[in-house]
Amino acid sequence: MEKLFDSVKELDKRAEDSFNLKNGVLMEQAARGMAEYIRRYCIDSATLQNRSKPSTLQQHTTPSTKPCVQIACGSGDNGGDGFALARMLGDFCRVRTVVVFEPKSPLCKLQHERLELLGIPVYTDLIDHCDVLVDAVFGTGIHGLLDEHTCAVLGQLNAVDGYKIACDIPSGLNAAGIPSPVAFRADTTCTMGALKTALYADSAKDYTGTIQLLGLGLPRTSYEGETNTFLLSADDMCLPHRSLQNTHKMSYGHGVFLCGEKAGACMLAASAALHFGIGLVTILGTPQPNTLPDFMYSTGLPDTFSALMVGSGLGRSKTAQLPALHLLADEQVEERPLILDADILHSRAIMSVLPDCKLPILTPHPKEFQSLLANSRLAQVSVAEIQQDRFGYLRLFCTAFPHAIVVLKGAYPLIGYGKQIFVNPLGTNALAKAGTGDVLSGMITALAAQGYPPLKAAYTASLAHAQAARLLHTDYGLTASALAASLPDLCRISEEINNSDASVGVLNHPHE
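Residues numbered from 1 in each chain as written. Predicted model: local features only at pLDDT ≥ 70, side-chain atom pairs only at ≥ 80, totals over all residues. Heavy atoms only, no water.

*Asks:* Any chance you could break down the overall build of the chain for me, citing the residues and the numbers?
*Replies:* Helix and strand counts for the chain stand at 21 helices and 20 strands. Taken along the three principal axes of its C-alpha coordinates, the chain extends 85 × 45 × 40 Å. Counting all 512 residues of the chain, 57% fall into the buried class. Intrachain contacts of the chain at a sequence separation of at least 6 include 71% that bridge at least 24 residues. Summed over all atoms, the accessible surface of the chain reaches about 21800 Å², with 51% contributed by carbon and sulfur. Charge separation in the chain, taken as the distance between the mean sites of 40 positive and 50 negative side-chain charges, equals 1 Å. (Helix = DSSP H or I, 4+ residues; strand = E, 2+ residues; numbered from the N terminus. Buried < 20%, exposed > 50% of the residue type's maximum accessible area, 1.4 Å probe, protein only. Contact = heavy atoms within 4.5 Å. Areas by Shrake-Rupley, 256 points an atom, 1.4 Å probe, with all protein chains shown as cover. Lys, Arg positive; Asp, Glu negative; His and termini not counted. Charge placed at Lys NZ, Arg CZ, Asp CG, Glu CD.)

This is how it looks when you write it as C-alpha cells:
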C-alpha cells in the first residue's frame, strides 16, 4: 500500500525549506531519475523487447549508432526537467531537444541556458521517428481547455513513432487527471517524488501507460507527508486460505442472497461466494425453476446467517423492493455485514435504513452512485460530473456516512471509508461485461461472512476480482460465470500475482 497525493507542491516546498534542497536541486534529481530510467529500461534493447512496443528501438537503431531520444520541452518547470534531462543523456544517446514553447519559468530558463553554454543544439521542429520520445511540455498546472494550437502540438507528439515517456504526468491532463480536451498518450509515465491521484482518475488510464515512481534524491519517507488516499497492490490482497483441518461448513460463514426479479444475477453472486471460500449459501425468496444444487433455499431469513447480500437482480419496481426493505429493517440485519448492490441502491428508502446498519458495504457503479448522492441529498449531479471528480464525490458521501464502506466501480475502482480512499490499480477492461459486478458483490459477501473486517473484505475482493479477470487472458471473451469459476485459481498462483506487472514501479538512484 502506497501513499497518494492530490498535489505535491507542498511536499516540494517542505523538502526545499526543511532539507536545504532549493535552487533547482529537486529538478536535477528528477532529471537524473528520468535519465536513469531511459538508460536502464528503454535503451537496453533486451529490456525493451519485453515492453509494449518491442520493435521501436530495433526499427531506428543499429549496433553502430546510439539510440535517438527526442525531448519535447514546454515553458514551465516541466520543460526545465526536459532540458536538464537532455544535458544528462548526452553521453549515451543522440539527443534531440525540441522547444515546443519558449522557456518562461526561472528554472526552465536556467536549464535552457545551460544547454546553450554546453553547445547542445536545441530545435523547434519535431521529427517523425525516434527511439524514445519524452513529453516534458506541461505538468499538473493546466487550467481550463487548451487552445487549438496547443492541441495540435499534442497531436503531433502522439503521432511520433517511438516509445513515449511522460515526465511526471502526460501533458494535457489537468490536476484531476482529465484531458483538456486532449492529452499525450504515454507508454510509461515517470512521476516524481510521490504518486498523484490525477494519475489514477478513470479518464487518465488511457494516457498514462505504466506508472513509474522516481525518487528525488532523499528518502521517500522524508519527502512524503500525511494523506488519506492510498494505492493498493496485489500484496494487500489476503485470500481466504484454510489452514485448520478440524472444521465444518459453518466455520467459513453462511451467506444469504436475496433473490428478486432477475434470478441470474443473484445466482452469479451466490456462485462467486462459494468459489471464494464461504461455507454455506442460502438463496432467500421464492424458489426459481432450474435451481442449482449448490445452494440452500429458504423463504425466511435463517438465524445462522453471517452476512446478507441484497440488490443483485432485485428489480426496481415497488413490488420487487418492498420485501427487501422489510428485510433490511430486521434487527439481525442491522448487526451483521450487509452488502448492498445494483437495484437497491436506487431506492430512496435505504437512506433511512443505512444509518442503523453497523456494517454496510455498498458497491455502486457510477449511475447507482448518482442515485445515492441524489437520494441522500448530498449532490444532484450527472454521471459525467461524477466521473470528472470521483475522489471528491466519494469523499463527500463517505464523510456523510462514515460507518459505510463504498466500492465505487470504474477503470480504477475506489474503496471509500470515512476520510480514507483506497485505489485498486489492477482493474481491466475485460470486466466491462454484464454480471461481473454481481460476482464482486458475491466475493465481498463471502469474505465478510468468513469474518473479514468489512474494509479488508472490500479491498481484498476488489483486488482479487481484477486479478481473476487477468487469469482468463482475454480482453473481450470473459463471462461472469467463468470469472466466478476462476476464483479458486488465485490461491494456486498467489506468488505470480504478487509479482504482477500492474503494480507501480519505484526507481531510486543507485546511491540512495
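*Asks:* So what about the layout of surface pockets? Which residues, and what values?
*Replies:* The calculated volume of the second largest pocket comes to roughly 880 Å³. For the second largest pocket, the lining is made up of 36 residues, of which Val8, Asp12, Asp77, Asn78 and Asp168 are closest to its centre. Contributing elements (two or more residues each) for the lining of the second largest pocket: α1 (9-18), α2 (25-42) and α5 (77-89). Residues belonging to the lining of the second largest pocket are distributed by class as follows: 15 nonpolar, ten polar and eleven charged. (1 Å grid on protein atoms, 1.4 Å probe; cavity = no way out; pocket = protein on both sides within 12 Å on 5 of 7 lines; lining within 4 Å. Points joined across faces, edges and corners; volume = space filled by probe spheres on them. Nonpolar A, V, L, I, M, F, W, Y, C, P; charged D, E, K, R; others polar.)

*Asks:* Can you explain the side chain of Glu368? Please cite residues and give values.
*Replies:* Of note, Glu368 is situated in helix α14 (residues 366-375). Summary of buried charges: Glu368 has no salt-bridge partner, and the nearest side chain of opposite charge, Lys409, is 4.8 Å away. A polar atom in the side chain of Glu368 sits 3.0 Å from the backbone nitrogen of His365. Beyond its immediate sequence surroundings of up to four residues, Glu368 is in contact with Asp341, Ala342, Leu345, His346 and Thr363. (Salt bridge = Lys/Arg side-chain N within 4 Å of Asp/Glu carboxyl O. Polar contact = N/O pair within 3.5 Å; in protein donor to acceptor, adjacent residues only side chain to side chain.)

*Asks:* Can you lay out the packing of α5 against helix α6 (residues 106-118) for me, pointing to particular residues and giving the numbers?
*Replies:* Relative to each other, α5 and α6 sit at 25°, their axes nearing to 7 Å. Overall, the two elements α5 and α6 adopt an arrangement that is roughly parallel. Where α5 crosses over α6, the two elements pack in a sense that is left-handed. Contacts between α5 and α6 involve Asp77, Gly79, Gly80, Phe83, Ala84, Ala86 and Arg87 from the former and Leu107, Cys108, Gln111, His112, Arg114, Leu115 and Leu118 from the latter. (Axes fitted to C-alpha atoms, helices over the stretch in contact; angles between N-to-C directions. Parallel < 35°, antiparallel > 145°, perpendicular 65-115°, else oblique. Left-handed = near helix turned anticlockwise from the far one by under 90°.)

*Asks:* Which residues make up the environment of Leu89, and what values go with them?
*Replies:* By the secondary structure assignment, Leu89 is in helix α5. Along the primary structure Leu89 and Thr124 are separated by 35 residues, whereas in three dimensions their C-alpha atoms are 19 Å apart.

*Asks:* Describe the environment of Gly277, naming the residues involved and giving the relevant values.
*Replies:* Secondary-structure assignment places Gly277 in the loop between α10 (263-275) and β12 (280-284). Through-space distance from the C-alpha of Gly277 to that of Gln420 is 28 Å; in sequence the pair is 143 residues apart. Setting aside residues up to four positions removed in sequence, Gly277 forms contacts with Arg242, Tyr252 and Gln450.

*Asks:* Residue-level account of the pairing of strand β3 (residues 94-99), with values.
*Replies:* Summarising burial for β3: five of the six residues are buried, a large majority. Two strands pair when backbone bridges link them, and strand β2 (residues 68-73) and β3 are joined in this way by six bridges, in the parallel orientation. Pairing of Ile71 across the sheet is with Thr97, part of β3. Once the chain exits β2 it traverses α5 before rejoining the sheet at β3, and the crossover so formed is right-handed. Where β3 meets strand β4 (residues 122-123), two bridges bridge the pair, whose relative direction is parallel. Considered in β4, the bridge of Val98 is made with Tyr123. (Pairing = 2+ DSSP bridges. Right-handed = clockwise from strand over helix to strand, strands pointing away.)

*Asks:* An account of the packing of aromatic side chains is needed here, citing residue identities and associated values.
*Replies:* Using the criterion set out here, one finds six aromatic pairs in the structure. Aromatic pair Tyr200 and Tyr412: ring centres 5.2 Å apart, planes at 70°, arrangement edge-to-face. In this pair, Tyr200 is assigned in the loop between β8 (195-196) and α8 (205-208) and Tyr412 in the loop between β17 (405-408) and β18 (414-417), connecting sequence segments 212 residues apart. Owing to a relative accessible area of 2%, Tyr200 belongs among the buried residues under this scheme. Through pairs of rings, three or more aromatic residues link up here, namely Phe230, Phe422 and Tyr459. Above the ring of Tyr412, the side-chain terminus of Lys205 is found at 4.4 Å from the ring centroid. (Phe/Tyr/Trp six-rings, centres within 6.5 Å; stacked < 30°, edge-to-face > 60°. Lys NZ or Arg CZ within 6 Å of the ring centre and 35° of its normal.)

*Asks:* Tell me about the side chain of Glu334, and please be specific about residues and values.
*Replies:* Its place among the elements puts Glu334 in helix α12 (residues 331-335). Lacking a salt bridge, the buried Glu334 has Lys358 as its closest oppositely charged neighbour, with an N-O distance of 7.6 Å. Non-local contacts of Glu334, meaning those with residues more than four positions away in its chain, are made with Leu328, Ala329, Asp356, Cys357 and Lys358.

*Asks:* Before we move on, can you summarise the sheet that holds strand β19 (residues 420-423) with the specific residues and values?
*Replies:* One open sheet accounts for twelve strands, arranged β8-β1-β10-β19-β18-β17-β16-β15-β14-β11-β12-β13; its pairing is mixed. Looking at strand neighbours, the two that pair on one side only are β8 and β13 (296-298), the edges of this open sheet. Pairing of strand β15 (residues 338-340) with strand β16 (residues 360-362) involves three bridges; the strand directions are parallel. Within β16, the residue paired with Ile339 across the bridge is Ile361. Along the sheet face, helix α16 (residues 390-400) touches β10 (229-231), β16, β17, β18 and β19 and points at about 30° away from the line of β18. Contacts between helix α17 (residues 436-449) and the sheet are confined to β11 (254-258), β14 (307-310), β15, β16 and β17, with β14 contributing the most and set at about 165° to the helix.

Bear in mind that shape data such as this cannot, by itself, settle questions of function.
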